[in-house]
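Here is how the chains run, residue by residue.
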Amino acid sequence: MRHFVGTAAAAAIALIAGTAVNAAQQQDFSKVEVKTTDLGHSTYMLEGAGGNVTVAVGSNGVIMVDSEFAPMHDKLKAAIAAVTKQPVRYLINTHYHGDHTGGNAAFGNEGVVIVAQRNIKNRLANPSPGANGQTPAAAPPAAIPTSLYTDKMTVAVAGPSAQLVHIANAHTDGDSFVYFPEANVMAVGDTGGPNRYPNMDVRGGGSIDGLIAGTQAYLDMANDRTKFVPGHGPLATKADFQAYHDMLVKIRASVAKLKTEGKTEDQAVAPGLCDAEIVRVRLEQRTGRRG
Ligand SMILES: [Zn+2]
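Student: Would you take a moment to explain the overall build of the chain for this structure?
Tutor: Counting its secondary structure elements, the chain contains 9 helices and 12 strands. Expressed as a percentage of the 291 residues in the chain, the buried residues total 46%. Taking contacts inside the chain between residues at least 6 apart in sequence as the whole, the part at least 24 apart equals 67%.

Here is the structure:
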């Protein structure tokens, strides 16, 4: 089953990765406006180009989660400056993808400490070949996280703290979710989101089992008032993520059943054979659309 899901997901990621690169190349970042949403307790969600950013402001510095594409650096800094005079002290990467780590080098050059699960370091410094056989360029030294952890870590400034928890082999092999207890905000990177289908970077160590275990882990830490910042898309609730988790479980079971019946991947996604949900997933993967 893993292989079955992995094959479809690998194709999806190849397309998605290509889409992200193309988007970065084609997008006119000068026209992007950063939207800031106040989450309470001096914590904010920033939406620009690339993955969503979470910012927690303390009296002596700022903790930031993810850094969008590289050209967004100045706009992100301006959005942060609009809510505080304090400098960014820590930049946490939820995973290695370029739409979440593109700004690393610029922030790193400013002395910001980049924090990540240790597998990200190697993914950025020694990239694996993509589905097209080409190996992406290594990230510059300033973009490489310097504060690494394995399973759990807490990062704090005066005021807010950020609890980092590693999810093994979910969206990638270096995922972190980040919980801000004071504000009751959960930043989950690309492990999920409302109205999103599973997104597993199999070449980057992702898997459906890890995705399900990971979503369960942060649901267990959350409550009905927790504000969820997904990697892409709007702010969400625990109920949204419970529904997402349940969809993952359902899809895994559906695919496992078809696999047991000896269906090939193409047969399994043929309309009418499996539930429509899987067909939609596959079609979205083939067209490279993000859910
Ligand atoms: Zn991603």
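Still more ground to cover, so stick around.
Student: What exactly am I supposed to notice about the sheet that holds strand β7 (residues 147-149) here?
Tutor: Paired through backbone hydrogen bonds, the strands of a sheet run either parallel or antiparallel to each other. The strand order across the open sheet formed by 7 strands is β1-β2-β3-β4-β5-β6-β7, and the pairing between neighbours is mixed. Both outer strands of the open sheet, β1 (35-40) and β7, are each paired with one neighbouring strand and no more. Direction aside, neighbouring strands of the sheet carry axes that sit 20° apart on average. Pairing geometry for strand β5 (residues 88-92) and strand β6 (residues 113-117), over 3 bridges, is parallel.

Student: What am I meant to see in the sheet that holds strand β10 (residues 175-180) here?
Tutor: On the basis of which strands lie adjacent, the open sheet formed by 5 strands has the order β8-β9-β10-β11-β12 and mixed pairing. Across the chains shown, the open sheet's two edge strands, defined by having one partner strand only, are β8 (152-156) and β12 (227-229). Strand-to-strand twist in this sheet, taken as the mean axis angle between neighbours without regard to direction, amounts to 20°. Alignment of β8 against strand β9 (residues 161-167), held across 5 bridges, turns out to be antiparallel. Opposite Thr154, over in β9, you have Gln163 as the bridge partner. Of the strands in this sheet, β9, β10 and β11 (185-187) touch helix α6 (residues 208-221), which is tilted by about 150° from β9.

Student: Can you help me understand unusual backbone geometry in this one?
Tutor: Note on backbone geometry: most residues besides glycine have negative phi, and most peptide bonds are trans. Positioned with a positive phi, Asp66 is a non-glycine residue whose angle comes to about 70°. Within the secondary structure, Asp66 sits in the loop between β4 (62-65) and α2 (73-81). A positive phi angle, close to 55°, is found at Glu68, a residue other than glycine. Turning to its location among the elements, Glu68 is positioned in the loop between β4 and α2.

Student: Looking at this structure, how should I read the pairing of β6?
Tutor: For a regular strand, side chains alternate in direction, first toward one face of the sheet and then toward the other. Within β6, 4 of the 5 residues are buried, which leaves it mostly tucked inside the rest of the structure. In this structure, β6 lies alongside β7, joined through 3 bridges in parallel fashion. Within β7, the position partnered with Ala116 by the bridge is Leu148. Regarding the hand of the β-α-β motif, the stretch spanning β6, helix α5 (residues 119-125) and β7 is right-handed.

Student: How should the nonpolar core be read in this particular structure?
Tutor: As a rule of thumb, nonpolar side chains are buried together in soluble globular proteins. Judged by nonpolar contacts, the single largest core of 63 residues is most densely connected at Val55, Met64, Leu91, Ile92 and Met186. At 6 residues, the largest contribution of residues to this core is made by helix α7 (residues 238-260). Not counting residues within four places of it along the chain, the set of residues in contact with Met64 comprises Val53, Val55, Val88, Tyr90 and Leu91.

Student: For this particular structure, what's the right way to read the pairing of β10?
Tutor: Burial analysis of β10 places 6 of its 6 residues in the buried class, which makes it a mostly covered element. Here β10 shows a buried face lined by Asp175, Phe177 and Tyr179 and a second buried face lined by Ser176, Val178 and Phe180. By the bridge criterion, 5 bridges tie β9 to β10 in an arrangement that is antiparallel. Of the residues in β10, the one forming a bridge with Gln163 is Tyr179. With 3 bridges joining them, β10 and β11 adopt antiparallel strand pairing. Paired with Val178 across the strands is Ala187, a residue of β11. Where β10 folds back on β11, the antiparallel hairpin that results is connected by 4 residues, among which Asn184 adopts a positive phi of roughly 55°.

Student: For this particular structure, what's the right way to read α6?
Tutor: Helical geometry: 3.6 residues make up each α-helical turn, so side chains three or four residues apart lie on a common side. In this model α6 runs 20 Å from its N-terminal to its C-terminal C-alpha over 14 residues, within 8% of the 20 Å that 1.5 Å per residue would give. Within α6, burial applies to Ile208, Gly210, Leu211, Gly214, Thr215 and Tyr218. Each buried residue of α6 lies within a common arc of 155° when the element is viewed along its axis, so the set occupies one face.

Student: Would you mind going over the environment of Tyr149 with me for this structure?
Tutor: By the secondary structure assignment, Tyr149 is in strand β7. Sequence separation between Tyr149 and Val165 is 16 residues; the distance between their C-alpha atoms is 9.3 Å. In this structure, Tyr149 is in contact with Gln117, Arg118 and Leu164, ignoring residues within four places of it in sequence.

Conventions and cut-offs
Residues numbered from 1 in each chain as written. Predicted model: local features only at pLDDT ≥ 70, side-chain atom pairs only at ≥ 80, totals over all residues. Helix = DSSP H or I, 4+ residues; strand = E, 2+ residues; numbered from the N terminus. Buried ≥ 20, exposed ≤ 12 C-beta atoms within 10 Å, placed from the backbone. Contact = placed C-beta atoms within 7 Å. Pairing = 2+ DSSP bridges. Axes fitted to C-alpha atoms, helices over the stretch in contact; angles between N-to-C directions. Right-handed = clockwise from strand over helix to strand, strands pointing away. Core = buried A, V, L, I, M, F, W, Y, C linked by C-beta atoms within 7 Å. Expected span 1.5 Å × (residues − 1). Arc of directions from axis to C-beta.

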